[in-house]
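Descriptive analysis of the structure
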Amino acid sequence: MRGAASVSASFGSLSLLRLFGLPWSWSLAASLGVYLGTGGWRFLYVVVRTAKRDLNGLYVLLRVKLALHRHMRKSSTVPSIFAQTVALHPDKPALVYEATGESWSFSQLDQLSNAVAHWALGQGWATGDVVAVFMESRPLVVALWLGLAKVGVEAALINFNLRRDSLMHCMGVSGSRGLVFGAELADAVLEVSASLSQSMVRFCAGELSPDRVASLSALPLDPLLASSPRLPPPCTLRKGFNDRLFYIYTSGTTGLPKAAIVVHSRYYRIAAFGYHAFGMRPDDIIYDCLPLYHSAGNIMGVGQCLINGLTVVVKKKFSASRFWEDCIKHNCTVVQYIGEICRYLLSQPVRPAEKGHRVRLAVGNGLRPSVWEAFTERFRVAQIGEFYGATECNCSIANMDGKVGACGFNSQILPSVYPIRLVKVEEETMALVRDRGGLCVPCRPGEPGLLVGRINQQDPLRRFDGYASQDATNKKIAHDVFKKGDSAYLSGDVLVMDELGYMYFRDRSGDTFRWRGENVSTTEVEGTLSTLLGQADVAVYGVPVPGVEGKAGMAAIADRTGQFDCATFLREAQKVLPPYARPVFLRISPQMDTTGTFKIQKTRLQREGYDPRLTNDRIYFLNSRAGHYERVNEELYSTIVEGRMSL
């Protein structure tokens, strides 16, 4: 806005001086002076600093946008795009299963997915039906959802860590007609077997005794696929580029998982953006240690195989101790990370393999600034491809030039090219702040705000497909955000943008809390304490204290050795944290509960608070007058909640 005002003032002065008959040279010099004097020099500074970055971003955006519209005109689908990839690289390795060393060429993956398609047709499933896939990561997961997609059936990719109520919820919310599960998850299926609908057919993949399979009311899948034809299915897929491909569930860190709808165009654009934004190459080999029920593993990772013809090494489960050895073994050049993976790697003892690899690019999200440079320096990874974007969001951003700590950027030269924005929200309720005209108030550089993206259902880059639940979808949409009558996607995440347009993740909405008149960012405090404790798992959250304004900070810390020392911790924390950000309460636990994508689950921690009756973990209270932490027992707990202890 300031740049636009300066330009207007400059042109106005130029016109006025020419009207009085002054020479062009004098008029231009004077108008330039007006421009710089009214703040235009700041805009010029931004242009000089960011022009190269923005031009590269514009090139990537236009390249992906043109490809999307080309596929829109052709009514392409992921299976039809994969068919083109197979034709280009029939004998090239597509997927490698790290656990066994088995390799599937593009032709073999195509044939296996064809067998899945024929099997699905044999079950009477049709376009729009949903089948739940519940198994640990392996290439068969890809063949299953891809084969189902060839005949219009939608897979619901369920987190293999879920049990009982959460598992039942995920199968129910998607309306699955069938269930395919891995033999390794037979016990989990048995726990909910009696609650599953009798009409839901079940199939078991992997080795399991006939009696055990029968006890689960299931049929063995492997022989059925082995006897299915390998030729393309006879039916014609009646779906287009913006129709449903499959469901991916949210992590469930704040409640039950939601089934996010992934359409064919969304799968393509996520994979395409990753490929072009981070300079991936046709001969790259990707090490994918992320779960295939998650978009990072199945789209950003496997998508490079299906869409761009890269070889992807599928790891059953992430292993910090085997990570670099695996990369050397398979000649990987690109690795994926999410959440805390980089921190886990840094906490490992030094090994020769960590510098003997060929990895040049690490792609993912959630890399804390405190870990970023330590990771690149120790492991000699030349490029970090950090990005921001939930499975369902329409406001993804990418850090294309390696700005440490940034999760992406938005051009300050041409901000309307990619219509996203940070908007002000109420600190306590996260309600949108609106101006007198009823529109959302944009944040200035340095102000934290909620990331939103303008919705346009006709544009694959701007559409928001929501969730299987319409109620959940409606909660993520706001109106009159950029202008009257529009609609926008609410990310639920608080970010901060600097004057150059770089964006930095601050917190999930609701995670920031207020204490002693100051806002405390849980993400920032977690990063600081984790570094302080040698990259230990740390969860920071606010807890209410009766009669006290705001929320007191509480830190749950994983102490696997049992040697945590409160006095040492407090002494070091005082050096790096301001008084208001230092944890008032500590919870010391052998380990943290995390999601399958390494996000620490805070819901239970927040609910239990600092009540020692609700946990066997050690809980401590910072007695500010005594200057040390005290173990919380029932007597001290009562003293605190009754207001008889000064905080």
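Residues numbered from 1 in each chain as written. Predicted model: local features only at pLDDT ≥ 70, side-chain atom pairs only at ≥ 80, totals over all residues. Heavy atoms only, no water.

Describing the sheet that holds strand S26 (residues 585-589)
Here five strands make up an open sheet; going across it, the order is S24-S25-S26-S27-S28 and the pairing mixed. Only two strands of the sheet have a single partner each, and these edge strands are strand S24 (538-544) and strand S28 (628-631). Averaged over all pairs of adjacent strands, the angle between their axes in this sheet comes to 30°, without regard to strand direction. Strand direction decides the pairing type here: S26 and strand S27 (residues 618-623), joined by four bridges, are antiparallel. Its bridge partner being in S27, Leu 586 is matched across the sheet by Tyr 620. Each of strand S25 (551-558), S26, S27 and S28 touches helix H17 (residues 566-576); the most contacted strand, S28, lies at about 145° to it. (Pairing = 2+ DSSP bridges. Helix = DSSP H or I, 4+ residues; strand = E, 2+ residues; numbered from the N terminus. Axes fitted to C-alpha atoms, helices over the stretch in contact; angles between N-to-C directions. Contact = heavy atoms within 4.5 Å.)

Focus: the domain arrangement of the chain
Looking at the assigned domains, one finds that the chain contains domain 1 (1-38), domain 2 (75-317), domain 3 (397-508) and domain 4 (513-642). Distance from the C-alpha centre of domain 2 to the C-alpha centre of domain 3: 31 Å. Listed per partner, the contact involves 15 residues of domain 2 and twelve residues of domain 3. Approximately 1200 Å² of surface area, both sides summed, lies buried where domain 2 meets domain 3, with 63% of it carried by carbon and sulfur atoms. Linking domain 2 to domain 3 there are one salt bridge. A salt bridge links Arg 266 to Asp 465, with the nearest nitrogen and oxygen atoms 3.8 Å apart. If you look at where domain 2 meets domain 3, you find four residue pairs in polar contact (both at pLDDT 80 or more). (Domains from an automatic or database assignment. Buried area = accessible area lost by both parts, 1.4 Å probe. Salt bridge = Lys/Arg side-chain N within 4 Å of Asp/Glu carboxyl O. Polar contact = N/O pair within 3.5 Å; in protein donor to acceptor, adjacent residues only side chain to side chain.)

Regarding the side chain of Ser 411
Along the chain, Ser 411 falls in the loop between strand S16 (408-409) and strand S17 (420-423). By relative accessible area, Ser 411 is classed as buried at 12%. Polar side-chain contacts of Ser 411 include one of 2.8 Å to the side chain of Asp 54. Of note is the side chain of Ser 411, whose polar atom sits 3.0 Å from the backbone nitrogen of Leu 414. Residues in contact with Ser 411, not counting those within four places in the same chain, are Arg 53 and Asp 54. (Buried < 20%, exposed > 50% of the residue type's maximum accessible area, 1.4 Å probe, protein only.)

Observations concerning the packing of helix H10 (residues 264-277) against helix H11 (residues 295-308)
Put simply, H10 and H11 touch, their axes get as near as 8 Å, and they point 90° apart. Classed by the angle they form, the pair H10 and H11 counts as roughly perpendicular. Touching Tyr 267, Tyr 268, Ile 270, Ala 271, Gly 274 and Tyr 275 of H10 are Asn 298, Ile 299, Met 300, Val 302, Gly 303, Gln 304, Leu 306, Ile 307 and Asn 308, all from H11. (Parallel < 35°, antiparallel > 145°, perpendicular 65-115°, else oblique.)

Describing the side chain of Ser 105
With respect to the helices, strands and loops of the structure, Ser 105 is situated in strand S2 (residues 103-105). The contacts of Ser 105, once residues within four sequence positions are left out, are Pro 90, Asp 91, Lys 92, Pro 93 and Ala 94.

With respect to helix H6 (residues 164-174)
Given 3.6 residues per helical turn, the α-helix brings residues three or four places apart onto the same face. Within H6 the residues assigned to the buried category are Leu 167, Cys 170, Met 171 and Ser 174. Within H6, the buried residues cover an arc of 90° as seen down the axis, which keeps them to one side. Facing away from the buried surface of H6 by more than 90 degrees, the exposed residues are Asp 165 and Gly 172. Directly beyond the C-terminal end of H6, a positive phi value near 70° is found at Gly 175. (Arc of directions from axis to C-beta.)

Details of the pattern of salt bridges
Counted according to the given criterion, the structure contains 35 salt bridges. Measuring nitrogen to oxygen at the nearest pair gives 3.8 Å for the salt bridge that ties Arg 164 to Glu 191. Of the two residues, Arg 164 sits in helix H6 while Glu 191 sits in helix H7 (residues 186-192), which places them 27 residues apart along the sequence. For Glu 191, a relative accessible area of 36% puts it in the partly exposed group. With its nearest N and O atoms 2.4 Å apart, the salt bridge here joins Asp 284 to Arg 360. Here Arg 360 lies in the loop between helix H13 (341-346) and strand S13 (361-365) and Asp 284 lies in the loop between H10 and strand S10 (285-288), a separation of 76 residues in the sequence. Note on accessibility: Asp 284 and Arg 360 belong to one class, buried. Residues participating in the shared-partner salt-bridge network are Glu 98, Lys 315, Arg 322, Asp 326 and Lys 329.

Focus on the environment of Val 141
Mapped onto the elements, Val 141 comes out in helix H5 (residues 139-150). Under the relative-accessibility criterion, Val 141 is labelled buried at 4%. For the pair formed by Val 141 and Phe 181, sequence separation is 40 residues and the distance between their alpha carbons is 9.9 Å. Sequence-distant contacts of Val 141, that is, excluding residues within four places in its chain, are made with Met 135, Glu 136 and Leu 292.

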